[in-house]
Amino acid sequence: MHTVPHYRLLDQADQLAPLYAALDRVDEIALDTEADNLFRYRTKVCLLQILAGDEIFLVDLLAALPLEPLWPRLAAKHLVMHGSDYDLRLLRGLCDFRPRSLFDTMFAAQLLNIPRFGLAALLEQHFGVKLDKDHQKANWSQRPLDRDMLDYAAMDVHFLPGLRDQLTAQLAALGRVEWLRQKCQWQIDVAGEGFAGPDENSWRVGGAEKLGGRGLAVLYQVWHWRERWAEKLDTPPFKVTGNEMLMRVARAADDGLPLADVLKVHLGRRHDRLYPSLAEAVRHGLATDPRSLPRRERRREFAPLTPEELARQDRIKADRDRLAQSLNLDPTMIATRSQLVQIARSPATIAEVLLPWQAELLRSEPAWKS
């Protein structure tokens, strides 16, 4: 186990001055967050890890700290992060945060086609460091935080600049530094939109498309039953019950089974407390007119491709796969399946759908010229 670096936990207002002074001395920081999304209905950012120069600060975001001077300082820095999407969206919701620029070591590893691009795997590969991945699922809203959790949090940012340097050298050797810059700017832009708001069709979980009206009506009611209990218990919905159980109930209802058979489920340690309201939700679903359910908006991007568009998609996909093999890249790093569909449907939108380097690669291929 690598020696844990020195760090300071900041949970009192009079501890913030050294952090601000350290930030004022640097143009770049390494940044990470820890949240309680596995333990609460509404996620809170619980801890902010900052490496400024050679100093590590762990900022307790659940403490009553006057952090107004912190956010503009962070936004003025170049950030080094790993898998930044979730963190940046969390910070966008917390304080309208948007960074100046970014180096994401996960994207860098993907552009190098490193198979195991999680931070723990990369640190073990490049520095021989083994992180305790159990802490990824820890309850970061608990106070006080355990010493080993704080150690883990500090290690998360300690190696990021060194990892960035090694990955940059490998990217430069392949001429892909600009590819990464474009990808990171894209990440800043999309994370700036924050998390998607509630969708009236969120209840359509995997497999719902195979249900008839009766099953859909029951699914609609039991999904909202779960949401109400998750909010009341302040726990993630999956900890009330999983999608598999919701679908089992909905399929049984769809098959016309008697109510007693539809309700042959067990809800774990909260069963006695939750079961009566589940039974009521199922009865409500069985009495619901399926025509009253929210309907999916028919959008052009969901319409089937025409034969001509399908042929174009096949040609572009073949070119993408050939390019990926020659560049030793995962094909989805050039274009994902949904992006191929968009381009096949409307080739003129390629510059909007893809990053400049991705579009340039595909435009150079035969399918684009045919």
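Treat the numbers as computed from the prediction; the structure is a model and nothing was measured.

Participant: I tried to follow the overall build of the chain on my own but got confused; where do I start?
Facilitator: Counting its secondary structure elements, the chain contains 17 helices and 6 strands. Expressed along its principal axes, the backbone C-alpha trace of the chain runs to roughly 70 × 65 × 35 Å. Taking contacts inside the chain between residues at least 6 apart in sequence as the whole, the part at least 24 apart equals 65%. Of the roughly 19,000 Å² of accessible surface on the chain, 51% is carried by carbon and sulfur atoms.

Participant: Sorry, what's going on with the pattern of salt bridges here?
Facilitator: Scanning all chains against the criterion turns up 22 salt bridges. Asp 289 is the salt-bridge partner of Arg 291, the closest N and O atoms lying 3.1 Å from each other. Connected through shared salt-bridge partners, Arg 8, Arg 25 and Glu 55 make up one network.

Participant: Looking at this structure, I do not really get helix α8 (residues 177-191). What am I missing?
Facilitator: Working note: α-helix, 3.6 residues per turn, so residues spaced by three or four point in the same direction. Here α8 spans 21 Å end to end across 15 residues, near enough to the 21 Å set by a 1.5 Å rise per residue. Those residues of α8 hidden inside the fold are in contact with α3 (84-95), β6 (101-104), α4 (105-111), α7 (160-174), α13 (307-327) and α16 (356-363).

Participant: Even after reading the chapter, I still don't get a negative patch on the surface, so can you show me in this structure?
Facilitator: Taken together, the side chains of Asp 132, Asp 134, Asp 146 and Asp 148 make up a negatively charged region of the molecular surface. For Asp 132, the position within the fold is in the loop between α5 (119-127) and α6 (147-158).

Participant: What am I meant to see in the sheet that holds strand β1 (residues 8-10) here?
Facilitator: Think of a sheet as strands paired side by side through backbone hydrogen bonds, with each pair either parallel or antiparallel. Judged by pairing direction, the sheet is mixed, and its 6 strands sit side by side in the order β1-β4-β3-β2-β5-β6 without closing on themselves. Only two strands of the sheet have a single partner each, and these edge strands are β1 and β6. Put simply, the sheet's adjacent strands are angled 25° from each other on average, direction ignored. In terms of strand pairing, β1 meets strand β4 (residues 55-60) through 3 bridges, oriented parallel. When the sheet's bridge partners are listed, Leu 10 is paired in β4 with Val 59. Against the sheet, helix α1 (residues 17-24) engages β1, β2 (28-35), β3 (45-52) and β4, with an angle of about 130° to β4. Helix-sheet contacts for α3 involve β2, β3, β5 (78-81) and β6, and the interaxial angle to β2 is about 80°.

Calculation rules
Residues numbered from 1 in each chain as written. Predicted model: local features only at pLDDT ≥ 70, side-chain atom pairs only at ≥ 80, totals over all residues. Heavy atoms only, no water. Helix = DSSP H or I, 4+ residues; strand = E, 2+ residues; numbered from the N terminus. Contact = heavy atoms within 4.5 Å. Areas by Shrake-Rupley, 256 points an atom, 1.4 Å probe, with all protein chains shown as cover. Salt bridge = Lys/Arg side-chain N within 4 Å of Asp/Glu carboxyl O. Expected span 1.5 Å × (residues − 1). Patch = residues over 30% accessible without salt bridge, like charges linked within 9 Å, V, L, I, M, F, W, Y side chains within 5 Å. Lys, Arg positive; Asp, Glu negative; His and termini not counted. Charge placed at Lys NZ, Arg CZ, Asp CG, Glu CD. Pairing = 2+ DSSP bridges. Axes fitted to C-alpha atoms, helices over the stretch in contact; angles between N-to-C directions.

On their own, these measurements won't tell you what the molecule is for.
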